[in-house]
Amino acid sequence: MALSSGAMDNFVNTSTIAAIATAQGAAGVAIVRLSGPRALAIACELSGKVDLQPRQAVYARALASDGSLIDQGVLIYFKAPNSFTGEEVVEFQGHGGVQLPRLVLARCFELGAVQAGPGEFSARAYLNNKMDLLQAESIADAIHASSEAAARGAVRSLSGEFSSRVDALLADLIHLRLYVESSIDFPDEEGVEFLGDQQLSGLLGKVEVDLESLARAAKQGQLLRDGANLVIAGLPNAGKSSLLNALAGVDRAIVTSEAGTTRDVLTEHLLIDGLALNVTDTAGLRDTDNLAEQIGIERARAAIQAADLLLVVFDVTQISDPFAHAQALLQTDTETEFDPSRLLLVANKVDLLETNPHNQDQNLLSISAKHGAGLDRLKNAIHERIGFDPQPDALIARTRHLDALLRVSGFVEEARTQLSIYASGELAAESLRLAQEALSEITGEFTSDDLLGEIFGSFCIGK
């Protein structure tokens, strides 16, 4: 799969690349990887070996230009096209650490290799049709997984499960599109039905059902991968920092009885029952003459607008009407209304009350951040509001996948409208073509060079 000029140009060449493929630092083993037309020749000159056989691990020494020993270890040759990149690939597995792998790599450069860019090995695998784009992305997702579920989901996507579901939906879309176009071009041919028949409606309905199922799975996969932004806001001394500490299980934020203790946003990365959360504690929202506190409040309001879910925490001993309180608290000069579906009211300090007036209220949760009461219900509510309910067979997905599926859904809906209301086969066929193209972006069949460069540029060097 060749690409024209663009951000991937540096991946489309005949050079032999090399990089350290393992994390640097104290370790038992470090791997220096080569890929390209001269990988075998460089490995032979590096080691003094002349008869390397594919997929046979051999003891080898890495030698300097004067024949002196750099390191010793295991050399493995993978003959093209039966390698990760589809090219000639050699790996030297030597001693871990910082200096020895660097010396081996430097020797490879002396022998004609060039430094691999971030993600260049994976990019070459993609360009040589060893994997599709979705599988390539899953490599990085597996490396950076923040939970066991995310890691397992990334491996399932890497193995091709996600791609298979996309390909199956794509095949149905193509079949539907061909059926519509055949009805347009050959309306009188035997066996070709009219646009409004039940078979066509059934085909379209199957695409819609499968698309909705895939979109739900992708949303869960995106939450597993990226998590969500949870912002805690409220008046000073409402217990915001205490709640952050309670969720974290350790004291991350300073808690005092003095109003205005938190003057800046404080973000902690937490894993709550499988859901990765960027939890932001904000400065108390109030009118103040203190310049530093004013800046903190401005940052707090910016964080609130970017929140996937906002917890408005209030002192239950001080606030009698929490809903009016939240409305007043979130009112800004721009008069931008906060989406209520992204809002959860939290009545804190219930341990100070003999009876809780909000016990029966389904629209807010009562807790004691100090003593931990109600935290389990709050965690469940966070999962529910964010929509996190991953299945055991979850597949990792990215925001771009969700965007593509959303566009596919829109085009399929347009196709149904054109068929059912306007009986326009031509316009329906065009909508289905656009849906097919948008869906193909996920696996990389139709993808811009700039996007490819951005995706692989975010990988580690050596991958």
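Structure's up top.
Attention here is on the structure that accompanies the text.

Scoring rules and cut-offs
- Residues numbered from 1 in each chain as written.
- Predicted model: local features only at pLDDT ≥ 70, side-chain atom pairs only at ≥ 80, totals over all residues.
- Heavy atoms only, no water.
- Helix = DSSP H or I, 4+ residues; strand = E, 2+ residues; numbered from the N terminus.
- Buried < 20%, exposed > 50% of the residue type's maximum accessible area, 1.4 Å probe, protein only.
- Contact = heavy atoms within 4.5 Å.
- Areas by Shrake-Rupley, 256 points an atom, 1.4 Å probe, with all protein chains shown as cover.
- Axes fitted to C-alpha atoms, helices over the stretch in contact; angles between N-to-C directions.
- Parallel < 35°, antiparallel > 145°, perpendicular 65-115°, else oblique.
- Left-handed = near helix turned anticlockwise from the far one by under 90°.
- Nonpolar A, V, L, I, M, F, W, Y, C, P; charged D, E, K, R; others polar.
- Salt bridge = Lys/Arg side-chain N within 4 Å of Asp/Glu carboxyl O.
- Pairing = 2+ DSSP bridges.
- Core = buried A, V, L, I, M, F, W, Y, C linked by side-chain atoms within 4.5 Å.
- Polar contact = N/O pair within 3.5 Å; in protein donor to acceptor, adjacent residues only side chain to side chain.
- Phe/Tyr/Trp six-rings, centres within 6.5 Å; stacked < 30°, edge-to-face > 60°.

Looking only at helices and strands, one finds 14 helices and 12 strands in the protein. Counting over 463 residues, the protein shows a buried share of 48%. Summarising the internal contacts of the protein: among those between residues at least 6 apart in sequence, 67% fall at separations of at least 24. Accessible surface computed for the protein: about 22,600 Å², of which carbon and sulfur atoms make up 50%.

This part is about the packing of helix α7 (residues 198–226) against helix α12 (residues 399–420). The N-to-C vectors of α7 and α12 enclose an angle of 160°; their axes lie 9 Å apart at closest approach. In terms of their interaxial angle, α7 and α12 are classed as roughly antiparallel. Between α7 and α12 lies a crossing whose hand is left-handed. When the residues that make up the contact of α7 with α12 are grouped by side-chain class, the tally is 12 nonpolar, five polar and four charged.

Oppositely charged side chains are able to pair whenever their charged atoms sit close together. Throughout the structure, instances matching the rule amount to 20 salt bridges. With a closest N to O distance of 3.2 Å, Glu181 and Arg177 form a salt bridge. Of this pair, Glu181 and Arg177 both sit in helix α6 (residues 161–185), four residues apart, which is roughly one turn of the helix. Assessed through its relative accessible area of 25%, Glu181 is described here as partly exposed. Notably, a salt bridge pairs Asp403 with Arg407, separated by 3.2 Å at the nearest N-O pair. Within this pair, Asp403 and its partner Arg407 are both found in helix α12, separated by four residues, close to a single helical turn. With relative accessibility at 40%, the residue Asp403 sits in the partly exposed group. Connected via shared salt-bridge partners are Glu137, Asp141, Arg225, Asp226, Arg398 and Arg400.

Turning our attention to the sheet that holds strand β7 (residues 228–234). If you trace the six strands from one edge of the open sheet to the other, you get β8-β9-β7-β10-β11-β12, paired in mixed fashion. The open sheet has two edge strands with one neighbour each: β8 (266–272) and β12 (364–366). The sheet shows a mean angle of 25° between the axes of neighbouring strands, direction not considered. Across five bridges, the pairing between β7 and strand β9 (residues 275–281) is parallel. Along β9, the bridge assignment pairs Asn229 with Asn278.

Turning next to the nonpolar core. With 33 residues, the main nonpolar core has Phe162, Leu173, Leu176, Val408, Val412 and Leu439 as its most contacted residues. Listed by contribution, the elements that provide at least two residues to this core are α6, α7, α12 and α13 (425–443). What Val408 contacts, discounting residues up to four positions off in sequence, is Leu173, Leu211, Ala435, Ala438 and Leu439. Listed in part, the 32 residues of the second largest apolar core include Leu243, Ile272, Leu309 and Ile386.

This part takes up the side chain of Gln436. Along the chain, the position of Gln436 falls in helix α13. By relative accessible area, Gln436 is classed as buried at 14%. A distance of 2.7 Å separates a polar atom in the side chain of Gln436 from a polar atom in the side chain of Arg177. Filtering out sequence-adjacent residues up to four positions away, Gln436 remains in contact with Leu170, Leu173, Ile174 and Arg177.

Counting across every chain of the model gives one aromatic pair. Taking 5.9 Å as the distance between ring centres and 40° as the angle between the ring planes, the aromatic pair formed by Tyr126 and Phe456 counts as tilted. Taken together, the residues Tyr126 in helix α3 (residues 120–127) and Phe456 in helix α14 (residues 449–457) connect sequence positions 330 residues apart. Considered together, Tyr126 and Phe456 belong to a single accessibility category, that of buried residues.

To continue, consider the pairing of strand β3 (residues 58–63). Note that β3 and strand β4 (residues 69–78) share six bridges and pair antiparallel. Paired with Tyr59 across the bridge in β4 is Val74.

The next point concerns unusual backbone geometry. Cis geometry marks the peptide bond from Ala80 to Pro81; its omega dihedral reads 0°. Here Pro81 shows up in the loop between β4 and β5 (89–97). The residue Asn129 is not glycine, and still its phi comes out positive at about 60°. Following the sequence through the fold, Asn129 ends up in the loop between α3 and α4 (133–143). Taking relative accessible area as the criterion, Asn129 reaches 54% and is therefore assigned exposed. In this model, Asn237 sits at a positive phi of 65°, which is unusual for a non-glycine residue. As for its position among the elements, Asn237 is in the loop between β7 and α8 (240–248).

Attention shifts here to the sheet that holds β4. The strand order across the open sheet built from six strands is β3-β4-β5-β2-β1-β6, with neighbouring strands paired in mixed fashion. In the strand order of this sheet, the two ends are held by β3 and β6 (114–115), each with one partner. Packing against the sheet, helix α2 (residues 99–110) makes contact with β1 (17–20), β2 (25–35), β3, β4, β5 and β6, and its axis sits at approximately 175° to β1. Along the sheet, α3 contacts β1, β2 and β6; its crossing angle with β1, the most-contacted strand, is approximately 135°.

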